[in-house]
Amino acid sequence: MKVAKFGGSSVADAKQILKVVKIIKADPDRRIVVVSAPGKRFSRDIKVTDLLIALADAVIAGRPYEQELAVVVGRYAEIQRELGLDASIVGEIESDLRDRIARRSSNNAQFMDTIKASGEDNNAKIVAQVFVNQGIPARYVDPKEAGLLLSGDFGNAQVLPESFLSLKSLRDAQEIIIFPGFFGYTRQGEVATFPRGGSDITGAILAAAVEADVYENFTDVDSVFALDPRLVPDAPAINLLTFREMRELSYAGFGVFHDEAIVPAVRAKVPICIKNTNRPEAPGTMIVAERKYEQGEITGIASADGFSAIFLHKYMMNRELGFGRRLLQVLEDERLSFEHVPSGIDDMSVILRSAPLTPEKEEQVLTRIRTELQVDDVTIEHGLSLVMIVGEGMRYAVGVAARACAALADAGVNIEMINQGSSEISIMFGVKEIDRKHAVQALGHALLKIGKVH
Ligand code: ASP
C-alpha cells in the first residue's frame, strides 16, 4: 500500500489535478492521497495559502476583506469551471470561508491557522469530487474525524502520539482516501497547522500510521539534486539517500521535502520516494534507512539564509558551573529556540533563526546576557547563511574538511563558523549571506567536481 502526497504545484489547476487522477489510477496500491492547497501555476503566481494569509491579516487588522476573499474564491471557481464540476462547490467554499471568519476567536494565531487550513481542506473536497466524477470510488476525510491530533503551537504544531493509532484504521477503507494536508486539530478541537510546507508532514504521518510500503511525495522536479540547481545548473540528481542525509539536507534549505516530515517515516521505517507529477515515469529519488556508500563520498551540499549568531566571550567560561544553562534559559524565557551552539574555552556562540528574533527580543536578550551572565563581551550578527556538506561516507573520510576550507579560502569566502563533529555525516559552515552562492559553487567544484567557480 502506498500513500501519495501531492504538493501545491501538482494541484494548482485543473490540468494538474487531472494528472493526479491519472497517477492514482495507474497504480492500485495508491490508496491514500494527501493534497496541498493550490500552489503556483507560473513563477509569479501566488499560492492559495499566501492569499489566505493576506485575507486573515485583513480580518485581524479590521480592514475590509471582500477583495482578498474574492481572490481566493476566484481561484477555486476557475478550477471548478475548468473541471466542469457542479458550481455549488464554489458557493460551499465561499460560505465555509465566511463561516471561519464569523467564528473568529480572540487568539489571532489560532484564527490564522483556521483560515490557512481552508486551503487544503477545500482543495481536498474538490479533488475527491473529481475522482468520484471519473467513476473512481473516493472519499474526502476530515482530519478531525480521522483523529489527527496536534499540539496547540499554532502555525508550528506537532503531531500528538495518539494520532497514529486513530489514523491506522484508514488502512481498511474501501475507497481511495483524499486527505487534506497541513493541518489537524488540538485536543480542544481547534484547527492547528504545521509549519509552512507541512503537507509533507501529514503525508509522512499517514504513511507511518497505516504502515505503508512506501510514501510517495509528488512534486514538480524529477529528483532531489546534489546542489540547488538554481545555484549550480548542472547539479547531478541523487537516486538514493538515507533518512539522515535527507533530514540534514532539507534542514539546510533543500526545499523539495520538509525536514520535519522525515521523522514519522524514520520511526515507522517507511521509505520515501520523491517523484514528479509532470513526469511520473521518471524513477525519482528514494530515501531509505540504509544504503551502501563509499568512503569520502558526499551526497549533497545544502545552504540556507536567515540565521543570526550571538557571540559571547568571558574569561574562564569553561570553569563556570551553569553558564550554558543560564544562557539557554534566557533564550527559553524569550521563547527563542536555538539551532547550534559551537563553543570554545572562553567563547560560546548561539546560532538562531533570524525571523523570530525581533528587535525587542534582541534588546532584551542582550541586556539579560550582559547583566545576568556578566560576560566580557557580547555581540550579535545577522545575515548569516548555513552551508552544509552532507554524506554518510564522510564518517570515515580524511581530508573533507581540509578540502572544503581550502575551496572556501580560494573563493575568498570568509568562514564565520564551523561545526563538525556533532553529526558524523555533515560539516556545517556559517558564512555571510552575500557569500552563500559563491561558497556553494566553490564547494561543489572542489568536492563533487561539478560546475565552475566564478
Ligand atoms: N499549503 C501550505 C503551504 O503553502 C502547506 C503545503 O503546501 O505543504 O505552506
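Fair warning: this is a prediction, and the values are worked out from it, not measured in the lab.

Draft legend 1. Seen up close, the site of the ligand. Around the ligand lies a shell formed by S36, K47, T49, E120, F182, R196, G197, G198 and S199. The contact in question runs from an oxygen atom of the ligand to an N or O atom on the side chain of S36, over 3.1 Å. Residue S199 places a main-chain N or O atom 2.9 Å away from an oxygen atom belonging to the ligand. Look at the ligand: alone it shows 260 Å² of surface, and the protein chains cover 94% of it. Class assignment of the residues belonging to the shell around the ligand gives a composition of one nonpolar, five polar and three charged.

Draft legend 2. Fine view of the sheet that holds strand β18 (residues 426–432). Strand order across the open sheet formed by six strands is β14-β15-β13-β16-β18-β17, with antiparallel pairing between neighbours. The open sheet is flanked by β14 (338–340) and β17 (417–420), the only strands paired with a single partner. When strand polarity is set aside, the average angle formed by the axes of neighbouring strands in this sheet is 40°. Set on the sheet, helix α9 (residues 243–251) makes contact with β13 (300–313), β14, β15 (347–353), β16 (377–390) and β18; between it and β16 the angle comes to about 135°. On the sheet, helix α11 (residues 323–333) packs against β13, β14 and β15 and is oriented at approximately 25° with respect to β15.

Draft legend 3. Summary view of helix α2 (residues 48–61). Helix length check: α2, at 14 residues, gives a terminal C-alpha distance of 20 Å against a target of 20 Å (1.5 Å per residue), a fit within 8%. Turning to α2, its buried residues number three or more, namely V48, T49, L51, L52, L55, A56, A58 and V59. If you follow the buried residues of α2, they end up packed against α3 (66–83), α4 (88–102) and α5 (108–133).

Draft legend 4. A look at the sheet that holds strand β3 (residues 138–140). The sheet built from eight strands is open, its strands ordered β3-β4-β2-β1-β7-β11-β12-β10 with mixed pairing. Single-partner strands in this sheet number two, and they are β3 and β10 (240–242). Going from strand to strand, the sheet's axes swing by 20° on average, the running direction of each strand aside. When strand β1 (residues 2–6) meets strand β7 (residues 214–219), the two strands line up parallel, connected through five bridges. In the strand pairing of β7, K5 is matched with N217. The strands touched by α5 within the sheet are β2 (30–35), β3 and β4 (176–180), with β4 carrying the most contacts at an inclination of about 160°.

Draft legend 5. The environment of S354, seen in detail. Structurally, S354 can be placed in the loop between β15 and α12 (359–373). For S354, a relative accessible area of 22% puts it in the partly exposed group. Considering only alpha carbons, one finds S354 and E381, 27 residues apart in sequence, at a separation of 9.8 Å. Once you skip the residues sitting within four places of it in the chain, S354 turns out to touch G306, F307 and S308. A polar contact of 3.3 Å, which involves the side chain of S354, links it to the backbone oxygen of F307. Engagement of the side chain of S354 in a polar contact is seen with the side chain of S308, the distance being 2.8 Å.

Draft legend 6. Structural view of α3. In this model, α3 (18 residues) spans 26 Å end to end at C-alpha, consistent with the 26 Å of a helix rising 1.5 Å per residue. If you check which residues of α3 are buried, you get L69, V72, V73, R75, Y76, A77, I79, Q80 and L83. Elements in contact with the buried residues of α3: α1 (14–26), α2, α4 and α5. Residue G84 follows α3 closely and has a positive phi angle near 65°.

Draft legend 7. Representation of the packing of aromatic side chains within the structure. Applying the stated criterion across every chain yields a total of three aromatic pairs. The interplanar angle of 10° and the centroid separation of 4.7 Å between the aromatic rings of F6 and F218 together place this pair among those described as stacked. Highlighted residues: F6 in strand β1 and F218 in strand β7, separated in sequence by 212 residues. Taking 6.1 Å as the distance between ring centres and 70° as the angle between the ring planes, the aromatic pair formed by F183 and Y185 counts as edge-to-face. The pair formed by F183 and Y185 is uniform in burial state, with each residue classed as buried. Sitting over the face of the ring of F111, R104 holds its NZ or CZ atom 5.4 Å from the ring centroid.

Draft legend 8. Looking closely at the layout of surface pockets. Of the pockets and cavities examined, the second largest pocket occupies roughly 240 Å³. Forming the walls of the second largest pocket are 19 residues, and the residues nearest its centre are R100, R103, T114, Y185 and V191. Elements with a minimum of two residues in the lining of the second largest pocket: α4, α5 and β5 (183–185). No other element matches α5, which puts six residues into the lining of the second largest pocket. In the lining of the second largest pocket, the residues fall into six nonpolar, four polar and nine charged.

Draft legend 9. Just the environment of G344, in detail. With respect to the helices and strands, the residue G344 is situated in the loop between β14 and β15. With a relative accessible area of 42%, G344 lands in the partly exposed category. Spatially, the C-alpha atoms of G344 and I205 are 39 Å apart, while their sequence positions differ by 139 residues.

Criteria and cut-off values
- Residues numbered from 1 in each chain as written.
- Predicted model: local features only at pLDDT ≥ 70, side-chain atom pairs only at ≥ 80, totals over all residues.
- Heavy atoms only, no water.
- Near = heavy atom within 4 Å.
- Polar contact = N/O pair within 3.5 Å; in protein donor to acceptor, adjacent residues only side chain to side chain.
- Areas by Shrake-Rupley, 256 points an atom, 1.4 Å probe, with all protein chains shown as cover.
- Nonpolar A, V, L, I, M, F, W, Y, C, P; charged D, E, K, R; others polar.
- Pairing = 2+ DSSP bridges.
- Helix = DSSP H or I, 4+ residues; strand = E, 2+ residues; numbered from the N terminus.
- Axes fitted to C-alpha atoms, helices over the stretch in contact; angles between N-to-C directions.
- Contact = heavy atoms within 4.5 Å.
- Expected span 1.5 Å × (residues − 1).
- Buried < 20%, exposed > 50% of the residue type's maximum accessible area, 1.4 Å probe, protein only.
- Phe/Tyr/Trp six-rings, centres within 6.5 Å; stacked < 30°, edge-to-face > 60°.
- Lys NZ or Arg CZ within 6 Å of the ring centre and 35° of its normal.
- 1 Å grid on protein atoms, 1.4 Å probe; cavity = no way out; pocket = protein on both sides within 12 Å on 5 of 7 lines; lining within 4 Å.
- Points joined across faces, edges and corners; volume = space filled by probe spheres on them.

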